[in-house]
Amino acid sequence: MSTENNTITIVDTTLRDGMSSVSHQFTPQNVADIARGLDRAGVSTIEVAHGIGLGASSIQYGFAAATDPDYVRAAVDAVEDADIAALYVPGIATLAELQKAIDAGITTVRVAVHCTEADCGQQPVEWAKEQGLTVMTFLMMSHKLDPEPLAEQAAKLDSYGADVVYVVDSAGAMVPRHAGDRVAALRQAITADIGFHAHNNLGVGIANALTAAENGATFIDGSLRGLGASAGNAQTEVLAAAFERAGWDTGVDLFPLIDTAEHIVAPLMKEPQIVDETALVLGYAGVYSTFFHPTKRAAKKFGVPARDILMELGRRGVIGGQEDMIIDVASELAGRTYETPAPAGV
């Protein structure tokens, strides 16, 4: 892909990141119905699995309604043209689980590592390439690194053979300048394609995606109705419309996307995907999006405002995988609050 001809690829994550909005309870039939609609709209890559990725169905992350291979098979059987992808997080997924997803029909894997730990992706990236998969890689919590050191981490993933390296705003903490600067730095440092994954905690997910594309990103993630952890993702159908209005070719048909969002996804939603207080403060504090529900539960249990928990978590610089810190912080804050905002990390 090249920005010279104003072409981008929209990747849909409704059936993976969007799982967080429904407590990972989409059924295989739900997956098939949504995947079929996305395929008919021309979406070329559809991500499927538990919301945290392969192998995450557990008491810690929440049990899914079906297994990852069941979800993958449902999507594969429903589409005619789209590639089916799955998310692999080292330390949560194993290569054995990735092999099961391959056997079920995925042709793309998205390997996600913390933005300072690209070396953790070497084994799964190289192994997946040996299996013939397209490999997309995620630098999660990309707001925590300045553009140049982030590009250095991206160069490692590029050297392992990644086809795409994503700048991932896991906390929804970026504004357009942050997104553009990071993508531009990667464009100077790597030969792989660049992707951008937005969360909408500050209400600028679409603007961040547009700015990322203007600076060299050629893969843009979204989810129907914006489904996703905390405030959700950039909304796929809105991305398609906004990029078309801005003169980009997405290869996607808008109205089939809208129909799928309105008539298939919307009835499955437990509540509207909005930027509420907790989601907003999560983005402001630069805290990982999956901390959203556990923080609300801890706030209720300990009688401490969720905003105080999140601000302290942001001050401590917590990352994905440190959810146990939510209880530690909530218990420490019980009976006292913080009035000074924590830095957002950008």
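So, how was this worked out
- Residues numbered from 1 in each chain as written.
- Predicted model: local features only at pLDDT ≥ 70, side-chain atom pairs only at ≥ 80, totals over all residues.
- Heavy atoms only, no water.
- Helix = DSSP H or I, 4+ residues; strand = E, 2+ residues; numbered from the N terminus.
- Buried < 20%, exposed > 50% of the residue type's maximum accessible area, 1.4 Å probe, protein only.
- Lys, Arg positive; Asp, Glu negative; His and termini not counted.
- Charge placed at Lys NZ, Arg CZ, Asp CG, Glu CD.
- Salt bridge = Lys/Arg side-chain N within 4 Å of Asp/Glu carboxyl O.
- Polar contact = N/O pair within 3.5 Å; in protein donor to acceptor, adjacent residues only side chain to side chain.
- Core = buried A, V, L, I, M, F, W, Y, C linked by side-chain atoms within 4.5 Å.
- Contact = heavy atoms within 4.5 Å.

A. Representation of the overall build of the chain within the structure. Counting secondary structure elements, the chain contains 13 helices and 8 strands. Overall, the chain is about 55 × 45 × 40 Å in size when its C-alpha atoms are taken along their principal axes. Among the 346 residues that make up the chain, the fraction classed as buried is 58%. Taking the average location of the 23 positive side-chain charges in the chain and that of its 44 negative ones, the two points are 7 Å from each other.

B. The side chain of Asp12, seen in detail. Note on placement: Asp12 falls in strand S1 (residues 9-15). Buried charge without a partner: Asp12 forms no salt bridge, and the closest opposite charge is Arg110, 9.2 Å away. Side chain to side chain, Asp12 and Thr236 meet in a polar contact 2.6 Å long.

C. Representation of the nonpolar core in the model. Counting 86 residues, the largest nonpolar core has Ile46, Leu98 and Phe196 as the members making the most contacts within it. Sequence-distant contacts of Leu98, defined by excluding residues within four places in its chain, comprise Leu54, Tyr88, Ile106, Val109, Trp127, Ala128 and Leu133. Grouped together as the second largest cluster of nonpolar side chains are 37 residues, Ala112, Met136, Ala306 and Leu333 included.

D. Quick look at helix H12 (residues 306-316). Where burial is concerned, most of H12 is hidden: 8 out of the 11 residues are buried. Among all positions in H12, only Ala306, Asp308, Ile309, Leu310, Met311, Glu312, Leu313 and Gly314 are buried.

E. Seen up close, the pattern of salt bridges. All told, the structure shown has 13 salt bridges when counted by the stated rule. In this structure, the salt-bridge partner of Glu262 is Arg225, at a minimum N-O distance of 3.1 Å. Note that Glu262 is positioned in helix H9 (residues 254-265) and Arg225 in the loop between strand S8 (219-222) and helix H8 (236-245), a separation of 37 residues in sequence. For Arg225, a relative accessible area of 27% puts it in the partly exposed group. Among the ionic contacts, a cluster of salt bridges with common partners joins Arg16, Asp17, Glu47, Arg110 and Asp221.

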